[in-house]
Amino acid sequence: MKNVLLLNDYQSFDHAKNFYLLSNQSFFKNIDLKNQKIKYKTIGNLCQNYQSRYDERIETNRIIFKIEQDLYKSLNHYHSTTYSHRYWKIILGHWVSRFVRIVYFRYKILDKCFNNDHKIDLVHVSKCDSYTQSIDQTKDVWLTTTDSEWNFNLFSKILIRCFKEKCDLNFIDTEKFQFTPNKSRAIDNTSKVLIKNRLLKILSSFNFLSQNNTMAFKSTYLNIFDELKLSLFNKEFPSILFNLDYKREKFSLVNRKKIFLKKNEDILESLIKDLIVDALPRVVVEDYKNILNIINNSKWPKFPKIIFTSNSYDADDFFKIWAAEKVELKKSKYIIGQHGLFDSHEDLLKNSNDYQVCDHYLRWGEKKYEKDIEVFNFKLVNKKINFKKCNQIMVFVRTAGYEIETYSRDQEFHIYNDCLNKVLSNFNTHDLKETTLRLKHTFSETNPNELYFLKKKFPLLKVNEGVGSVYSHFEQTKLSIFLYFSTGVLESLSLDIPTVFYCPKKLVYIDPAEKKYLDILNKCKILSYNEEEFIDNINFIIKDVKKWWLEKEVINGKNEALNRYSKIGKKNSVFKIVNILKSLS
């Protein structure tokens, strides 16, 4: 009986064969593993612990550095430009990092498949020459990793290049020729988002009054009115950086062949170089000049001394190209505000694309690296919380992540989900009725069954699907329980809401410089390093939340951690931000 390796979940099956699934079940959402007619076997997961994740991050950082050196020079040659490495890194660096890790992880999966105890005889692969991994915009990279056909073609390309001598291949047609994102994502179409975008578009029609502004702001984490005040306090009319439409061009394989990267003897580096040109987002190849023409004719600020963002640095292509142009040609200072919890896992801030391209980094807590400027938590500036009857337990769930890391996000999800199930199983009926679970809004894309299984196992729970303001829930919360360490933990602690969170030591790399502060939180039961400790701490706290929260050790531990990670803004916070930015120009 032949052993057949499956790379996707929409192939027709011969029931007379043993079918092996890739170790990562997130690639097989439509397969019924309980089907008795088909003999499914799953190849074991890759090793995942804090050391393996840290080592893989270091290894992929090495590959990223080498590929960027070659790729950005080649893009200059293709576009007949002489821009700096930093210019292209502002625009493309985040996508390059993710693509390298995407390929790295899938290569490692296949390598394990062909080096296990069961010989693989046959693999169905795509006729992938007719399929491009290219995407329209850099933000589409997350969605590609949940798309069966995009993954099937990428796996096929890796297998054909690196493992074709290991088994027989059966080529099958691909249904499409490129990835097309879903245009109707729920999070992008809430009434609040649509109203905000409509308002910004109207306000942007007055940008002719602000073309000479010395400061430009976008997605700072301040509310829209405070963001407008940044300009007004600088005695300038607000400029609304609302992205403009541009003409989309078709993917051109002929033109992409002009982008050439040198190969070497490093298997993974050469593999990624072989795949990356085809996969480049069209915003930096076919559509790049169209975007530049729109930018040059727009009413966005022409000579800003300061460009400040906390969120548009990553996937906002129109903004990034404009910012890169100003940094490169007008010597604008590029300021990025804190937006996540770097250094609380293997992704260290100093190694991030954000930190490498910015001039200064506005940190919510204490200064740690050279570019850091100590400020306060922007998300809480002028945030008014009307605490009502606080009788709810809020549980923030670690929803399955997109497969954009060097390790399995599916496996990671099951580790956290097992802990969640054990926590909830210890709740009595009264506590369950008082509990609301908040999923990440992305669950519908990464793990559509998550909501169903939670409701089935815990029918008394209320479940929020991750859409809408978290602060309306905070107003009724007597205890926040986070299944992971996030900026939400800092917001909850800063609002003086009793808060606990799970940070599994076996899985999460902790920077030695941060261990002291996390140990302080662990000692007073705010942080738990393992499942048993987490469950015991919650069981202890839930008996009398207020009494625990008012203990001197808890108050001191919370305050020391907040001073390190999330200082609270006082009066005139917006004015202080403006003065800080002025001092940096």
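Just above sits the structure.
A brief look at the structure comes next.

Cut-offs and rules
Residues numbered from 1 in each chain as written. Predicted model: local features only at pLDDT ≥ 70, side-chain atom pairs only at ≥ 80, totals over all residues. Heavy atoms only, no water. Phe/Tyr/Trp six-rings, centres within 6.5 Å; stacked < 30°, edge-to-face > 60°. Helix = DSSP H or I, 4+ residues; strand = E, 2+ residues; numbered from the N terminus. Buried < 20%, exposed > 50% of the residue type's maximum accessible area, 1.4 Å probe, protein only. Lys NZ or Arg CZ within 6 Å of the ring centre and 35° of its normal. Axes fitted to C-alpha atoms, helices over the stretch in contact; angles between N-to-C directions. Parallel < 35°, antiparallel > 145°, perpendicular 65-115°, else oblique. Left-handed = near helix turned anticlockwise from the far one by under 90°. Contact = heavy atoms within 4.5 Å. Nonpolar A, V, L, I, M, F, W, Y, C, P; charged D, E, K, R; others polar. Core = buried A, V, L, I, M, F, W, Y, C linked by side-chain atoms within 4.5 Å. Arc of directions from axis to C-beta. Salt bridge = Lys/Arg side-chain N within 4 Å of Asp/Glu carboxyl O. Pairing = 2+ DSSP bridges.

**Concerning the packing of aromatic side chains**
Alright, step 1. Tallied over the entire structure, the rule returns 27 aromatic pairs.
Alright, step 2. Consider the rings of W88 and Y288, whose centres lie 5.4 Å apart with planes at 40°: the pair is tilted. Within this pair, whereas W88 is found in helix α2 (residues 85-113), its partner Y288 is found in helix α9 (residues 288-296), the two being separated by 200 residues in sequence.
Alright, step 3. The exposure class of W88 is buried, given its relative accessible area of 0%.
Alright, step 4. Y288 sits in the buried class, given a relative accessible area of 1%.
Alright, step 5. Seen in terms of ring centroids, F376 and F378 are 6.0 Å apart; in terms of plane orientation they differ by 85°. Their pairing is edge-to-face. In this pair, the class of F376 matches that of F378, namely buried.
Alright, step 6. Taken together, the ring pairs in this structure connect Y83, Y87, W88 and Y288 into an aromatic cluster.
Alright, step 7. The positively charged end of R53 is found above the aromatic ring belonging to Y407, 3.9 Å away from the centroid.

**Quick word on the packing of α2 against helix α8 (residues 267-279)**
Alright, step 1. Direction vectors running N to C along α2 and α8 enclose 125°, while the axes themselves pass 10 Å from each other. By the criterion of interaxial angle, the relationship of α2 to α8 is oblique. The two elements α2 and α8 cross, and the hand of that crossing is right-handed. Packed against α2, whose contacting residues are W95, V96, F99, V100, V103, Y104, Y107 and K108, the element α8 presents I267, L268, L271, I272, L275, I276 and A279 at the interface.
Alright, step 2. Here the contact of α2 with α8 is built from residues that sort into 14 nonpolar, no polar and 1 charged.

**Quick look at the nonpolar core**
Alright, step 1. L5, L7, L22, L71, W95, V96 and Y334 are the most contacted members of the largest nonpolar core, which totals 99 residues.
Alright, step 2. Per-element tally for this core: the top contributor is α2, with 17 residues.
Alright, step 3. If you look at the next biggest cluster of nonpolar residues, it comprises 81 residues, including I385, V489, L495 and I542.

**Overview of helix α15 (residues 450-457)**
Alright, step 1. Considered for burial, the residues of α15 that qualify are E450, L451 and L454. One side of α15 holds all its buried residues, which, seen down the axis, span an arc of 95°.

**Quick notes on unusual backbone geometry**
Alright, step 1. Of note, the phi angle at S219 is positive, near 50°, even though the residue is not glycine.
Alright, step 2. Among the secondary structure elements, S219 is positioned in the loop between β6 (215-218) and α6 (224-233).
Alright, step 3. With a relative accessible area of 26%, S219 lands in the partly exposed category.

**Remarks on the pattern of salt bridges**
Any two side chains of opposite charge can pair if their charged atoms end up close together.
Alright, step 1. A full pass over the atoms with the stated rule returns 33 salt bridges.
Alright, step 2. In the salt-bridge network here, residues are joined through shared partners; they are E366, K368, D511, E514 and R564.

**Quick look at the sheet that holds strand β7 (residues 306-309)**
Alright, step 1. Strands sit in the order β6-β7-β8-β9-β10 across an open sheet of 5 strands; the sheet is parallel. Lying at the two open borders of the sheet, with one neighbouring strand each, are β6 and β10 (372-374). Strand-to-strand twist across the sheet, computed as the mean angle between neighbouring axes with direction ignored, equals 25°.
Alright, step 2. Summarising the sheet, β7 and strand β8 (residues 333-337) pair through 4 bridges and their orientation is parallel. Counted as the bridge partner of T309 is I336 from β8.

**A look at the pairing of strand β4 (residues 122-126)**
The side chains of a regular strand alternate between both faces of the sheet.
Alright, step 1. When you tally the buried positions in β4, you get 5 out of 5 residues, the bulk of the element.
Alright, step 2. The side-chain alternation of β4 yields two buried faces, one formed by L122, H124 and S126 and the other by V123 and V125.
Alright, step 3. Direction of pairing for strand β1 (residues 3-6) relative to β4: parallel, over a ladder of 2 bridges. Paired with L5 across the strands is V123, a residue of β4.
Alright, step 4. In this structure, β4 lies alongside strand β5 (residues 168-172), joined through 5 bridges in parallel fashion. Of the residues in β5, the one forming a bridge with V125 is F171.

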